[in-house]
Amino acid sequence: MTKRILLALAVASTVAHAEPINIKGSDTIFTLVQRWADAYRKQKPDAVISVTGGGSGLGIAALIAGSVDIASASRPMKEAEQEKMRSRYSAPATEIPVAKDAVAIYVNKANPLTSITEADVKLIFTGKITNWKQVGGLDAPISAFIREGGSGSYVWFHDEVLGGQEYQNIRTASGGFGMVNAVFKDANGIGYGGASLARGIKLLKIKVGSAEIECNAETMANGKYPLGRLVYFYSKKKPAGDFTGFLEFILSPEGQHIAVVAGFYPLK
Amino acid sequence: MTLNAWKKLILTVVAVSPAMALAQSDAGVEELPYPEAELPGGVSGAKGEDVVDLTHRLEALEEQYLETQSTVFSLSKIKLSGYVQGRYQNAQNSVSGAVKDGFSVRRGRLKATYTGTWSQFMVQIDATPKGVVLKDAEAHFRPPVGNPNQRTLDIVIGQTKWPFGFEGPQSSSEREMPERSRVVRAFLPGERDRGIKVVGTWGFMRAAVGVFDGNGIDNKAFVGVDNDTEKDVVGRLGIDLGWIAAGVSGWVGKSYKPSDFSLNPAFQGRFYDRNRLGFDLQIYLNFLPIGGTALKAEWIAGRTFARDNLEVIGAPAIGWYALLVQSIGADHQIAARFDYFDPLAGTPDAADSKDPTRPASNNAIATIGVLYSYYFDEALKASVVYEIPVTQTVSGSIDPADNVFTLQLQAKF
């Protein structure tokens, strides 16, 4: 009997300590959140943090459905999503910016172009510009790749860069890594995504007037790079328990340094 | 060899084949930035004589994929949704009162939406044992101005909800209490009408205004028709800061009462005011560890309201409600609502002229309702509600025993 009581107490103790933190959502910050979780576990070995991707939309849908505690997102929550949160949980989701990200315009290394205007990017992804020659490049058809519909980058790009206009004449690449690989393989490819993910491809500077603005720490800090955005955690309630500790770590200089190492930018 | 052993062998061959193919790839080919494992929809970079055939097949598949993708992209603009509310009710006066004891299908909604670049189409029907009726039929024109997340403009024409207050336009699947409050049911019977409205969002500002026939879709006297040339103007101006939202609503219109010489030979048909003024407030707080707390309230006063889906033309009325909702954890919700409605506001309360022991039908009614809801998952919700209507009485009359118990299960997709 005593053994059973001790066993029950041990189980209860384990349960009490292991307050799991389930985070689901953005593919863009998936690796970053994993790095934060790994680093935090070194400080708090009993921390249980589960990180899964799938896209910002999927993460927010899971948050509304109650299957995860925290959604990670590379876009702000939509009004309709907040309305569902308010109806379901009597309160809006708590929005916590965790880092800054720069959305970069990807092209293949073989592409001689070095910069592009935001207007031309819009015309390419809405199918109105179909040849690189039209934007000062080679005479070659443009292969425009977009992210899948559940992706926060898809929504952010659609809203911010295309101004809500429909994507046209495009192909879909699955996941942030898939987007990089697609542009890497296609000499005429163009895509978009987190600057942190770019490997083996070229990032185009953005022309603003006569200036060509490169995506870097300086232009992100002074706000000159036009395609900067915040990335977020959304939770059902105000941070409490183990999540508070994890969040404090993320927002600490150490956590923000991890973001910089991962290719993101600090909040301050 | 057993069946399981064969299965294992086949699985092994299938699993090893891609690795063998990759092993034959040219040494000079630059590697992908990310490994295949991290590329769910990626394309293999394998080359070589043995894989030329596979490459051709892959290209063929890719072509088919692009065609499929194009089709799926179009289909993704079409959305079907809906919900069913099955209900059991029992009232203290089930034998003689309006609420009968028994089961019912309160709502059986099916909604189809198509969203294009500049347009949206939406049709919603309600299928219940009483029949199938059209609830919404909306044609939207949505010019792509500014950032869709910060500024939107939506012009809607068809059969659509009046942009008045909070509870009226709110979806019945999202509302906590199974039915709207008395004052909202009286001033916005059926919540919909035929007309045109413009809805705009500018940051935290919300504005909507529309021109409608005015009779609504549930007016028994004029279902589907406008019996006059007057149009009603309805609108709401509000703010939404996430944790607090509020608005002021207005309605200016006329209702025509036709001549009916069989009832009153002296009466000539004439127009009466159909006006409303409303204020609504919603506060969402997250200060309790058990879950969110919401407080919602609305006040409406005006002339001409509906009773049993017939207009009481030109009569003044006033009412309000306050609703307190507390979420407990992720799955439980409790709520309490106080709802007050005074038809023929300003008229003294009286006893029923035929039965002096009963209050008159124009006396004010206060209703206290309490609710418990359990969310099984995102699609299924069970609600138990108990409502206690208290009718104002005068000396000699007594408040009728008409408390109502409701058990409702809502399934939505």
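Reading the values: rules and limits
- Residues numbered from 1 in each chain as written.
- Chains lettered and ligands numbered in written order.
- Predicted model: local features only at pLDDT ≥ 70, side-chain atom pairs only at ≥ 80, totals over all residues.
- Heavy atoms only, no water.
- Helix = DSSP H or I, 4+ residues; strand = E, 2+ residues; numbered from the N terminus.
- Buried < 20%, exposed > 50% of the residue type's maximum accessible area, 1.4 Å probe, protein only.
- Contact = heavy atoms within 4.5 Å.
- Areas by Shrake-Rupley, 256 points an atom, 1.4 Å probe, with all protein chains shown as cover.
- Lys, Arg positive; Asp, Glu negative; His and termini not counted.
- Charge placed at Lys NZ, Arg CZ, Asp CG, Glu CD.
- Core = buried A, V, L, I, M, F, W, Y, C linked by side-chain atoms within 4.5 Å.
- Salt bridge = Lys/Arg side-chain N within 4 Å of Asp/Glu carboxyl O.
- Buried area = accessible area lost by both parts, 1.4 Å probe.
- Polar contact = N/O pair within 3.5 Å; in protein donor to acceptor, adjacent residues only side chain to side chain.
- Nonpolar A, V, L, I, M, F, W, Y, C, P; charged D, E, K, R; others polar.
- Axes fitted to C-alpha atoms, helices over the stretch in contact; angles between N-to-C directions.
- Parallel < 35°, antiparallel > 145°, perpendicular 65-115°, else oblique.
- Left-handed = near helix turned anticlockwise from the far one by under 90°.

Peer 1: When you look at the overall build of chain B in this model, what are you seeing that I'm missing?
Peer 2: A count of helical and extended segments in chain B gives three helices and 18 strands. Taken over 413 residues, chain B has a buried fraction of 38%. In chain B, the proportion of contacts linking residues at least 24 apart, taken out of those at least 6 apart, comes to 54%.

Peer 1: Would you mind showing me how to read the overall build of chain A here?
Peer 2: Looking only at helices and strands, one finds ten helices and eleven strands in chain A. Reported as C-alpha extents along the three principal axes, the dimensions of chain A are approximately 80 × 35 × 35 Å. Each of the 268 residues in chain A was classed as buried or not, and the buried ones make up 53%. Entry remark: accessible area of chain A is about 11200 Å², with carbon and sulfur atoms responsible for 56%. Charged side chains in chain A number 30 positive and 24 negative. The centres of these two groups are separated by 4 Å.

Peer 1: Mind showing me how you'd approach the nonpolar core here?
Peer 2: Residues and elements named next belong to chain A. Judged by nonpolar contacts, the single largest core of 48 residues is most densely connected at Phe-125, Phe-157 and Tyr-192. Broken down by secondary-structure element, the contributors of at least two residues to this core are β4 (94-107), α5 (118-125), β6 (143-147), α6 (152-161), β7 (170-173), α7 (175-185), β8 (189-194) and β9 (202-208). If we skip the residues at most four places from it in the chain, Phe-157 touches Val-103, Ile-105, Val-121, Phe-125, Leu-162, Tyr-167 and Tyr-192. In terms of nonpolar packing, the next biggest core, distinct from the first, is built from 27 residues, Ile-21, Ile-29, Ile-70 and Ala-262 among them.

Peer 1: Is there a simple way to explain the pattern of salt bridges in this structure?
Peer 2: Pairing is possible between side chains that carry opposite charge, provided their charged atoms lie close to one another. All names here are of chain B. Counted according to the given criterion, the structure contains 29 salt bridges over all chains. Residues Glu-191 and Arg-192 are paired through a salt bridge, measuring 3.3 Å at the closest nitrogen-oxygen approach. Per residue, the accessibility class of Glu-191 equals that of Arg-192, and both read buried. Salt bridges here are not isolated pairs; linked through shared partners, they connect Arg-87, Arg-106, Arg-107 and Glu-179.

Peer 1: What is the right way to read the interface of chain B and chain A from this model?
Peer 2: One frequently used descriptor of interface size is the decrease in accessible area upon assembly of the parts. Listed as interface residues are 47 residues of chain B and, on the opposing side, 38 residues of chain A. Looking only at chain B, the three residues that lose the most surface to chain A are Pro-33, Tyr-34 and Asn-286 of chain B, adding up to 19% of its buried area. Here chain B and chain A share three salt bridges between them. Summed over the shared surface of chain B and chain A, the number is ten residue pairs in polar contact (both at pLDDT 80 or more). Within the residue set of the side of chain B that touches chain A, elements represented by two or more residues are α2 (49-75), β12 (275-288), β13 (291-307) and β14 (310-328) of chain B. If one sorts the elements of the side of chain B that touches chain A by residue count, α2 of chain B sits on top with five residues. Across the side of chain B that touches chain A, the residue classes break down as 18 nonpolar, 17 polar and twelve charged.

Peer 1: Would you mind going over the environment of Lys-205 of chain A with me for this structure?
Peer 2: Residue and element names in this part refer to chain A. If you trace the backbone, Lys-205 turns up in strand β9. Distance from Lys-205 to Ile-116, taken between C-alpha atoms, is 6.4 Å for residues 89 residues apart in sequence. Once you skip the residues sitting within four places of it in the chain, Lys-205 turns out to touch Thr-114, Ser-115, Ile-116, Glu-212, Ile-213 and Glu-214.

Peer 1: Where do I start with the side chain of Arg-236 of chain B in this structure?
Peer 2: Residues and elements named next belong to chain B. Considering the arrangement of structural elements, one finds Arg-236 in strand β8 (residues 232-240). Polar contacts involving the side chain of Arg-236 include one to the side chain of Asp-280, which spans 2.8 Å. Not counting residues within four places of it along the chain, the set of residues in contact with Arg-236 comprises Pro-163, Gly-165, Arg-206, Ala-207, Ala-208, Ala-246, Gly-247, Val-248, Ser-249, Asp-280 and Gln-282.

Peer 1: Sorry, what's going on with the packing of helix α3 (residues 56-65) of chain A against helix α4 (residues 79-89) of chain A here?
Peer 2: Relative orientation and spacing of two packed helices are given, respectively, by the angle between their axes and the distance between those axes. All names here are of chain A. It is the contact of α3 with α4, at a shortest axis distance of 9 Å, that shows an interaxial angle of 20°. It follows from the interaxial angle that α3 and α4 lie roughly parallel. Between α3 and α4 lies a crossing of left-handed hand. Across from Ile-60, Leu-63, Ile-64 and Ala-65 in α3, the residues of α4 making contact are Glu-81, Lys-84, Met-85, Arg-88 and Tyr-89.

Peer 1: How do you make sense of unusual backbone geometry when you look at a structure like this?
Peer 2: Glycine aside, residues mostly have negative phi, and peptide bonds are mostly found in the trans state. A positive phi angle is found at Ser-90 of chain A, which is not glycine, with a value near 60°. Mapped onto the elements of the fold, Ser-90 of chain A is located in the loop between α4 and β4. A positive phi angle, close to 50°, is found at Asp-308 of chain B, a residue other than glycine. In this structure, Asp-308 of chain B sits in the loop between β13 and β14. Judged by relative accessible area, which is 62%, Asp-308 of chain B ranks as exposed.

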